[in-house]
Amino acid sequence: VALDPATGKDLWSCPSPVNFGVPNAFALEGQWFLYTCRGELIRVSDGKKLPSQDWIIKEMPVAFFNTPHVDGNRVYVSHGFQGFQGDLYCMEIPNTVKELEEKGLRQVWYTELYHDRYYASPVVLDGLVYNFSMRGSFQVVEADTGKLVYEEKIEGVTGRTFPGILLVGGKLVTGQETGLVLVIEPGRDYKELARYEIGACRSYLIFDGDTTYVRTIENLIAFKNK
């Protein structure tokens, strides 16, 4: 659904299967488009659905949870279902609106990931794509080729990973619902810099200057960064 921000009036609606993740937006030749975790491509001006991937997971049709990551003219999307499927796609935005409207996004590569749900949204940094599955599998693949660099089953991750991966001060910050927050060094080898316990939590951390805010299940907490 698109709403007029001044009045709240409905501008258009586009039928879409169940999708818990927020779509991401990109601009091309001055026009805006949305892309969902299911591979749906929607024109912002009128809500028209353009040629789309419309990915499905047969074992669990509603297992689409995160937000695609847009990096330049490429879009990275991960999803899956535990025990059955794990997918990471790299899609390319064409050079013209005409081509986009006729053919949609082009698949550059596909990589099979750890078979799990993916609540956390992927992030791209310095040619690497970082993913974190529901059950604590941290994966890094090459952004250009989709080749797996490493996969690390992080010790101590006992709950589900809901928050996405944040890039803060050149470091990766993520966590999971028992309240474990992880600080990870970007790169081609797994290197954990720190971990903290903040109480049961499903939210992103918010960084503002030298203060970090987080809404846990029971509290709103502010931390002073050292």
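Residues numbered from 1 in each chain as written. Predicted model: local features only at pLDDT ≥ 70, side-chain atom pairs only at ≥ 80, totals over all residues. Heavy atoms only, no water.

### Topic: the overall build of the protein
Link 1 in the chain: The helix and strand tally for the protein stands at one helix and 21 strands.
Link 2 in the chain: For 226 residues, the compact-globule estimate of 2.2 N^0.38 gives 17 Å, and the C-alpha radius of gyration of the protein, at 18 Å, lies within 12% of that figure.
Link 3 in the chain: When the backbone C-alpha atoms are referred to their principal axes, the protein occupies close to 50 × 45 × 35 Å.
Link 4 in the chain: Across the 226 residues that make up the protein, the buried fraction comes to 48%.
Link 5 in the chain: For the protein, the exposed area adds up to about 11,500 Å²; of that, 52% sits on carbon and sulfur atoms.
Link 6 in the chain: The positive charge centre, built from 23 side chains, and the negative charge centre, built from 29, are 2 Å apart in the protein. (Helix = DSSP H or I, 4+ residues; strand = E, 2+ residues; numbered from the N terminus. Rg over C-alpha atoms; globule rule 2.2 N^0.38 Å. Buried < 20%, exposed > 50% of the residue type's maximum accessible area, 1.4 Å probe, protein only. Areas by Shrake-Rupley, 256 points an atom, 1.4 Å probe, with all protein chains shown as cover. Lys, Arg positive; Asp, Glu negative; His and termini not counted. Charge placed at Lys NZ, Arg CZ, Asp CG, Glu CD.)

### Focus: the pattern of salt bridges
Link 1 in the chain: One pass over the full model with this rule turns up 14 salt bridges.
Link 2 in the chain: Close ionic contact of Glu177 with Arg160 constitutes a salt bridge, the shortest N to O distance being 3.0 Å. Separated by 17 residues along the polypeptide, Glu177 in the loop between strand 16 (171-176) and strand 17 (180-184) and Arg160 in the loop between strand 14 (148-153) and strand 15 (166-168) bring together distant segments of the chain.
Link 3 in the chain: What makes Glu177 buried here is its relative accessible area of 18%.
Link 4 in the chain: For Glu192, the salt bridge goes to Arg195, with nearest N and O atoms at 2.6 Å. (Salt bridge = Lys/Arg side-chain N within 4 Å of Asp/Glu carboxyl O.)

### Things to note about the environment of Phe84
Link 1 in the chain: Its place among the elements puts Phe84 in the loop between strand 8 (74-81) and strand 9 (85-92).
Link 2 in the chain: Phe84 sits in the partly exposed class, given a relative accessible area of 48%.
Link 3 in the chain: Between the C-alpha atom of Phe84 and that of Ile57, which follows or precedes it by 27 residues, the distance is 8.8 Å.
Link 4 in the chain: Residues within four places of Phe84 in sequence aside, it is in contact with Glu59 and His115. (Contact = heavy atoms within 4.5 Å.)

### Let's talk about the pairing of strand 12 (residues 128-132)
Link 1 in the chain: Within strand 12, five of the five residues are buried, which leaves the element mostly enclosed by the surrounding structure.
Link 2 in the chain: Residues Leu128, Tyr130 and Phe132 point to one face of strand 12 and Val129 and Asn131 to the other, with burial holding for every one of them.
Link 3 in the chain: Where strand 11 (residues 123-125) meets strand 12, three bridges bridge the pair, whose relative direction is antiparallel. Paired with Val123 across the two strands is Tyr130, which belongs to strand 12. (Pairing = 2+ DSSP bridges.)

### What to know about the side chain of Thr36
Link 1 in the chain: Structurally, Thr36 can be placed in the loop between strand 4 (31-35) and strand 5 (41-43).
Link 2 in the chain: Polar side-chain contacts of Thr36 include one of 3.0 Å to the side chain of Glu40.
Link 3 in the chain: Those residues in contact with Thr36 that sit more than four places away from it in its chain are Asn19, Pro23 and Pro68. (Polar contact = N/O pair within 3.5 Å; in protein donor to acceptor, adjacent residues only side chain to side chain.)

### As for the sheet that holds strand 8
Link 1 in the chain: Taken in spatial order, the four strands make up an open sheet running 7-8-9-10, and their pairing is antiparallel. Strand pairing shows two members of the sheet lacking a second neighbour, strand 7 (69-71) and strand 10 (106-112), which therefore form its edges. Averaged over all pairs of adjacent strands, the angle between their axes in this sheet comes to 20°, without regard to strand direction.
Link 2 in the chain: Two elements, strand 9 and strand 10, share six bridges in a ladder whose sense is antiparallel. Paired with Asp87 across the strands is Glu112, a residue of strand 10. (Axes fitted to C-alpha atoms, helices over the stretch in contact; angles between N-to-C directions.)

### A word on the sheet that holds strand 15
Link 1 in the chain: Spatial ordering of the open sheet is given by 15-16-17-18, a layout of four strands whose pairing is antiparallel. Of all the strands in the sheet, the pair left with one neighbour each is strand 15 and strand 18 (192-197). Each neighbouring strand pair of the sheet contributes to a mean axis angle of 25°, computed without reference to strand direction.

### Remarks on the nonpolar core
Link 1 in the chain: Counting residues in each nonpolar core, the largest one holds 24 residues, and the members touching the most others are Phe26, Phe33, Tyr35, Leu41 and Leu105.
Link 2 in the chain: Within the residue set of this core, elements represented by two or more residues are strand 3 (24-28), strand 4, strand 8, strand 9 and helix 1 (97-103).
Link 3 in the chain: No other element matches the three residues that strand 8 contributes to this core.
Link 4 in the chain: With sequence-adjacent residues up to four places away left out, Tyr35 is seen in contact with Pro23, Asn24, Phe26, Glu40, Leu41, Gln53, Trp55, Pro68, Val75, Val77, Met91 and Leu105.
Link 5 in the chain: Judged by nonpolar contacts, the second largest core, of 16 residues, contains Tyr130, Val140, Ile154 and Ile184. (Core = buried A, V, L, I, M, F, W, Y, C linked by side-chain atoms within 4.5 Å.)

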